[in-house]
Amino acid sequence: MAKFTFATGNVQGLRRIPLYLVGAIATLVVPRTDRVWVFGSGIGPGEGALPLYRLAQERLGSDVRLVWLATTPAELDEARALGLDTVPKLSARGLWLTMRARVQVVTHGQGDVNRYGARGGFLVQLWHGIPLKRLHLDSPAAMAAPSPIGRLLLERGHRAVGRQIRIFAVSSERVVSRIASAFGLTRDQLLVSGDPRDDVLLQGSPEQRRSAARELLESAVGRLAGGPVVMYAPTWREGGADPSQPDDTTWRAIIAWLDRVDGTLLVRNHPLGVGDYAGGAALSPRVRLLDSAVMNEVNPVLSAVDHVVTDYSSMAFDFSLTGGTIVFLAADVTTYLDSRGLYEPYHEFTGGRHVATWTHALQLLDALVAGEPEATAAARAHTRWLRDEHFDHLDGRATERVFDAVIRGVAGSPAAPEEPPAQRGRATVTSVTVEPDRLVLGLEAGASPVDAIGLDGPRGRVEGTRTADGAEFALLVTRWGQPGLALPSGDYRLTLGATLPSTRVAVATTTLPAVTHPLFRAIVLSVDGGLVVRVGPPLADDERGRAAQRALRNAHLRPHRRENAVYLESFYGRSVSDNPRAIAAVLAREHPEVTQYWSVADRSIAVPPGAVPIVEYSREWWRVRAAARLYVINDWLRWTYRKRRGQKVLQTWHGTMLKRLARDREINPRRRFAALRQGLRWSALLAQNDYSAERFRTSYAYRGPIWETGYPRNDVLSDTGRAAGVRELVGIAAGTTVVLYAPTWRDNRNDLIDALDLTEFAGQLPEDHVLLVRGHSRTIEGGTDLSAERLIDVTTYPDVGELMLIADVLVTDYSSVMFDFVSTDRPMIFYTPDLAHYSDVLRGFYFDFLAEAPGPVVETGADLLAALVEVETAGEKYAARRALWRERFAPHDDGTAAERVVCRLYEEGWLG
């Protein structure tokens, strides 16, 4: 039987559009009655729909008919055995009852009842878990369609269903925004009640819950051993197989461990998952299969489980209610996040403790079963964090709250205010003010003392200073030695605590300010059960929004007098760096009469002394773009660019290419045309070598002049006198060996590749080593600065050349820095955990990388660590290949490339 995928399911949904239309018309003439409620669930009788059915049966008695709509004969039999009034969902009777029912209760979607008769009912959506993976409208994978029109119809269909939902029950305020976004809901459709499916994990004493769960579990799988009970619960992979499915050797290792601890392993595969675990069960009775054929719902037995092994399953959230510990086993982090995406960073969800193999998972389980203090304390603390961050109610009364909300909604009564959850140590914000350069909070501490307070946001944390009645936060900071900078744009969430910061903060004031400072704009919001400071660029009101931008653009379409100025932009204003920065330095030294304007995304980015920062999309930004004689850029021109008479564009690009570019990739016609259009806009193009020049000719169909000058950004590699100052600025002690890790970006994600646990890896390096982590420019906005012993996150450091200058060894994957660093003749190691996927699926290479790499190529963290230990030997082994690479790819990188470029600019008459 073919496995369900989003793509196949969406095609089926599109084909059903005529039936939806007929059903919608029918619901207009069939009157609904308050005396019929229908229930359904994608797993059969269970999830939150079953406890709500039972409570409604108890409270409403015979006044209302409650009907369970079953999909299959087996589900029909199961529902009848449970004493439920049951009707086949897809029968004429099922359609009629759905059209008549005032209330419809579902757990997976409208398809849980008869979807063609659902329109116009009081739809109660009880989702089947707190979402970690992106859902519906938030997930490109979930919206996969055979054509753009198909995708548009899917989106409109999802939003239409979203508008019909009257109550969507969620576990906490933290979950509100992700559900609202995924389903296209407004806040008043969401009820922070807790999940009825989780009541079974909270009612009664822990001993009673464990005893009842154990009895139910053993009735399904037989008597368990006397030792620990471990559940393995891999999630669904869009029709793909579980990459952590044990082979025969691994099964024997797992069973040997189970024998030693007298344990039992329950394998709970996702109902849609692909994986064969029968081999383990055949080898030992200690391995029991607990798939949906054995037990359709797993929550009622979680209290009997001691440890869960999972990857991305929402079961981790439910299991946290039991107090048990979790081992996160994920062998495909990079490729999974590429295809699906998460609502929370994976390192946050896992506490930074995920492993990639069963060998490591068994080691963690061993430590937990043995009760090793450090491992146990860390695992239990993370379990508590998952619980406290994602559940607002721990009283086991979620079903009652949902039922009461339904009764009020059907009666048309005003919604009762949602019960405030137990504070559980939360602080309360009593006042908020924003002064010129600081945020001031009034704060009342909760039951637990606040040992640390901060604003956690993109690329850093702002530590708060406690005052007598609250806390203060600086909104101007020092970054990389440059004082007086704004915070990088983004959301900064107030957090309490040092080790596992909590975002749960009660906000008792309705006065939340918004201010515009010369360097930033700040808006304070109460969001997702906490406080958020949203920082952005200092655009005026008449510079914000589509209408304002259209007016500014139109105002600067008319001819402008040329200004003897250069417009500089690096990586779309995310930094002041790369080839434009090196060219600007020579221009400032030799031609100070030329005004330099740097386009910056916000004022968190420092510009060189004497240069003028212009915030993108501001009025001055539009003016300079129209008036400057010369553009110096290193990436694509914005769509807003218009070529003007007398204006020149020097495209410096940002590296020699291993990865296929633009038209050399298998991309759609629209992207191919866009690449062609880019090339037509450039007046000249820099190349590091003749190899690059050839690639530019094909990838951009570029026929203009190419200046093969070498790369100005690499001039710094010849300036060894700057090394000591750079080491001091970065914070590296003398005598420390510097390992620079600089991976490239992945096309479908905007955060750093996380196949390697960098914090753990840094701790495994020798004590005299430090790991510098340099994310690609495209990960600046999507990532968060890492912090750990012997690890420094330098993603936002202005000049990667200075980092290469002080690096003793470079670790990269497919990044163009390999062609720059080769000039230093220092060793390189290539860590490529997704080599096949990247080269065959994502990008493709211009040459045989494995055959020609000037250093060892490794695919695991263990092999990378071993390669770093043996780096001197490897350095000698690959010396000849590095020399060939330098001759081929960096023949002009001699420390004077920027001077050659500036000289050429004046020879061509582009500046004067």
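None of these values were measured; they are calculated from a predicted model.

About the thresholds
- Residues numbered from 1 in each chain as written.
- Predicted model: local features only at pLDDT ≥ 70, side-chain atom pairs only at ≥ 80, totals over all residues.
- Heavy atoms only, no water.
- Helix = DSSP H or I, 4+ residues; strand = E, 2+ residues; numbered from the N terminus.
- Rg over C-alpha atoms; globule rule 2.2 N^0.38 Å.
- Contact = heavy atoms within 4.5 Å.
- Areas by Shrake-Rupley, 256 points an atom, 1.4 Å probe, with all protein chains shown as cover.
- Lys, Arg positive; Asp, Glu negative; His and termini not counted.
- Charge placed at Lys NZ, Arg CZ, Asp CG, Glu CD.
- Pairing = 2+ DSSP bridges.
- Axes fitted to C-alpha atoms, helices over the stretch in contact; angles between N-to-C directions.
- Salt bridge = Lys/Arg side-chain N within 4 Å of Asp/Glu carboxyl O.
- Buried < 20%, exposed > 50% of the residue type's maximum accessible area, 1.4 Å probe, protein only.
- Phe/Tyr/Trp six-rings, centres within 6.5 Å; stacked < 30°, edge-to-face > 60°.
- Parallel < 35°, antiparallel > 145°, perpendicular 65-115°, else oblique.
- Left-handed = near helix turned anticlockwise from the far one by under 90°.
- Expected span 1.5 Å × (residues − 1).
- Arc of directions from axis to C-beta.
- Nonpolar A, V, L, I, M, F, W, Y, C, P; charged D, E, K, R; others polar.
- Core = buried A, V, L, I, M, F, W, Y, C linked by side-chain atoms within 4.5 Å.
- Right-handed = clockwise from strand over helix to strand, strands pointing away.

Asker: Give me the lowdown on the overall build of the chain, citing residues and values where you can.
Answerer: A count of helical and extended segments in the chain gives 31 helices and 39 strands. Against the globule reference of 29 Å for 912 residues, the chain gives a C-alpha radius of gyration of 30 Å, in line with a compact fold. Along the first, second and third principal axes, the C-alpha atoms of the chain reach 95 × 65 × 60 Å. At a minimum sequence separation of 6, the contacts of the chain that also span at least 24 residues come to 68%. Of the roughly 37,500 Å² of accessible surface on the chain, a fraction of 53% belongs to carbon and sulfur atoms. One way to put it: in the chain the 105 positive side-chain charges average out to a point 9 Å from where the 108 negative ones average out.

Asker: For the sheet that holds strand 23 (residues 514–517), give the residues involved together with the corresponding values.
Answerer: Pairing in this open sheet of 6 strands is antiparallel, and the strands run 16-15-21-25-24-23 from one edge to the other. The sheet is open, and its two edges are formed by strand 16 (460–463) and strand 23, each paired on a single side. Geometrically, the sheet is characterised by an average inter-axis angle of 25° between neighbouring strands, direction not taken into account. Across 4 bridges, strand 21 (residues 490–496) lies against strand 25 (residues 530–536) in antiparallel orientation. Across the sheet, residue G490 finds its bridge partner in strand 25, namely V535.

Asker: Tell me what's going on with the pattern of salt bridges, and back it up with residues and numbers.
Answerer: Summed over the entire model, instances satisfying the criterion amount to 48 salt bridges. A salt bridge links R187 to E173; its shortest N-O distance comes to 2.8 Å. Separated by 14 residues along the polypeptide, R187 in the loop between helix 7 (173–183) and strand 7 (190–192) and E173 in helix 7 bring together distant segments of the chain. Residue class for R187 comes out partly exposed when judged on its relative accessible area of 36%. Between E400 and R397 there is a salt bridge whose closest N-O contact spans 3.4 Å. According to the relative accessible area criterion, R397 is partly exposed, its value standing at 31%. In the salt-bridge network here, residues are joined through shared partners; they are R174, R178, E344, E348 and E389.

Asker: Provide a residue-level description of the pairing of strand 16, including the pertinent values.
Answerer: In terms of strand pairing, strand 15 (residues 453–457) meets strand 16 through 4 bridges, oriented antiparallel. Bridged to D456 within strand 16 is R461.

Asker: Hey, could you go over the packing of aromatic side chains for me, with residue numbers and the actual values?
Answerer: Two aromatic rings are characterised by how far apart their centres lie and by the angle between their planes. Inspection of the entire model under this criterion finds 29 aromatic pairs. Ring geometry for W127 versus F183: centroids 5.1 Å apart, planes at 75°, classification edge-to-face. One end of the pair, W127, is in the loop between strand 5 (122–126) and helix 6 (148–164); the other, F183, is in helix 7, and 56 residues separate them in sequence. A residue is classified by how much of its surface remains accessible, and W127, at 9% relative accessible area, is buried. Judged by centre distance (5.0 Å) and plane angle (55°), the rings of W682 and Y700 are tilted. One end of the pair, W682, is in the loop between helix 20 (669–681) and strand 31 (684–686); the other, Y700, is in the loop between helix 21 (690–699) and strand 32 (706–707), and 18 residues separate them in sequence. Neither W682 nor Y700 differs from the other in exposure class; each is buried. The rings of Y312, F317, F328, Y336, Y346 and F349 are connected pair by pair, giving a single aromatic cluster.

Asker: Can you explain the packing of helix 3 (residues 49–60) against helix 16 (residues 398–411)? Please cite residues and give values.
Answerer: Here helix 3 crosses helix 16 at 60°, and the two axes come no closer than 10 Å. By the criterion of interaxial angle, the relationship of helix 3 to helix 16 is oblique. Between helix 3 and helix 16 lies a crossing whose hand is right-handed. Together, P51, L52, L55, A56, R59 and L60 of helix 3 and T399, E400, V402, F403, D404 and I407 of helix 16 make up the contact between the two elements.

Asker: So what about helix 6? Which residues, and what values?
Answerer: An α-helical turn contains 3.6 residues, so a residue and the one three or four places further along point in the same direction. Under the 1.5 Å per step criterion, the end-to-end length of helix 6 is 25 Å for 17 residues, consistent within 8% with the ideal 24 Å. Listed as buried for helix 6 are G150, L154 and G162. Taken down its axis, helix 6 places every buried residue within 115° of arc, on the same side. For helix 6, the exposed residues set more than 90 degrees away from the buried face come down to P148, I149, R156 and R163.

Asker: Describe in detail the environment of Y277, supporting the description with residues and values.
Answerer: Its location among the elements puts Y277 in the loop between strand 9 (264–267) and helix 10 (278–283). For the pair Y277 and V857, spaced 580 residues apart in sequence, the C-alpha separation works out to 33 Å. Ignoring sequence-local partners within four residues, the contact set of Y277 consists of Y232, P234, D242, Q245, P246, W251, V267, N269 and L289.

Asker: Report on the packing of helix 9 (residues 248–261) against helix 14 (residues 358–370), specifying residues and quantitative values.
Answerer: Where helix 9 meets helix 14, the closest approach of the two axes is 11 Å, and the angle between their N-to-C directions is 5°. Classified by the angle their axes make, helix 9 and helix 14 are roughly parallel. Contact residues: helix 9 offers T250, A253, I254, W257, R260 and V261, while helix 14 offers W358, L362, L365, D366 and V369. The residue inventory of the contact of helix 9 with helix 14, partitioned by class, reads 8 nonpolar, 1 polar and 2 charged.

Asker: Can you explain the nonpolar core? Please cite residues and give values.
Answerer: One finds F696, Y700, V730 and L772 to be the most contacted residues of the largest nonpolar core, which totals 68 residues. Among the elements that make up this core, the one with the highest residue count is helix 24 (residues 800–806) (5 residues). Setting aside its immediate chain neighbours within four residues, L772 contacts V730, I732, V738, V739, L740, Y741, I792, V794, L803 and I806. Membership of the second largest hydrophobic core comes to 63 residues, among which are L202, A213, V308 and F319.

Asker: Give me the lowdown on the side chain of Q104, citing residues and values where you can.
Answerer: Mapped onto the fold, Q104 is located in strand 4 (residues 101–106). The class for Q104 is buried, based on a relative accessible area of 0%. Excluding residues that lie within four positions of it along the chain, Q104 makes contacts with R32, V38, T98, G117, A118, G121, F122, L123 and V124.

Asker: Kindly report on helix 15 (residues 373–390), identifying the contributing residues and their values.
Answerer: For helix 15, built from 18 residues, the straight-helix expectation of 26 Å at 1.5 Å per residue is met to within 8% by its first-to-last C-alpha distance of 26 Å. Looking only at helix 15, the buried set comprises T376, A379, A381, H382, T383, W385, L386, E389 and H390. On its buried side, helix 15 packs onto helix 7, helix 11 (315–320), strand 12 (325–328), helix 13 (346–350) and helix 14.

Asker: Break down unusual backbone geometry for me, citing the residues and quoting the values.
Answerer: Here F571, not a glycine, exhibits a phi torsion of approximately 50°, which is positive. Tracing the chain through its elements places F571 in the loop between strand 26 (563–569) and helix 18 (578–590). Judged by relative accessible area, F571 falls into the buried class, the value being 10%. The phi torsion at Y572 lies on the positive side, around 60°, for a residue other than glycine. Here Y572 lies in the loop between strand 26 and helix 18.

Asker: So, the sheet that holds strand 12: which residues are in play, and what are the values?
Answerer: What links the strands of a sheet is backbone hydrogen bonding, and the strands pair in either a parallel or an antiparallel sense. An order of 10-9-8-11-12 is seen for the 5 strands of this open sheet, with the pairing classed as parallel. Where the open sheet ends on each side, the last strands, each with one partner, are strand 10 (287–289) and strand 12. Within the sheet, the average angular offset between the axes of one strand and its neighbour, ignoring direction, is 20°. Pairing of strand 8 (residues 229–233) with strand 9, which is carried by 4 bridges, proceeds in the parallel orientation.

Asker: I'd like a rundown of the environment of V308, residues and numbers included.
Answerer: Along the polypeptide, V308 turns up in strand 11 (residues 307–310). With 18 residues separating them along the chain, V308 and I326 place their C-alpha atoms 4.8 Å apart. In contact with V308, other than residues within four places in its own chain, are M231, M315, F319, T325, I326 and V327.

Asker: Summarise the pairing of strand 1 (residues 33–39); cite the residues concerned and give the values.
Answerer: Here strand 1 lies mainly inside the structure; 5 of its 7 residues are buried. By the bridge criterion, 4 bridges tie strand 1 to strand 2 (residues 65–70) in an arrangement that is parallel. Paired with V36 across the bridge in strand 2 is R65. With helix 3 bridging strand 1 and the parallel strand 2, this β-α-β connection has right-handed handedness.

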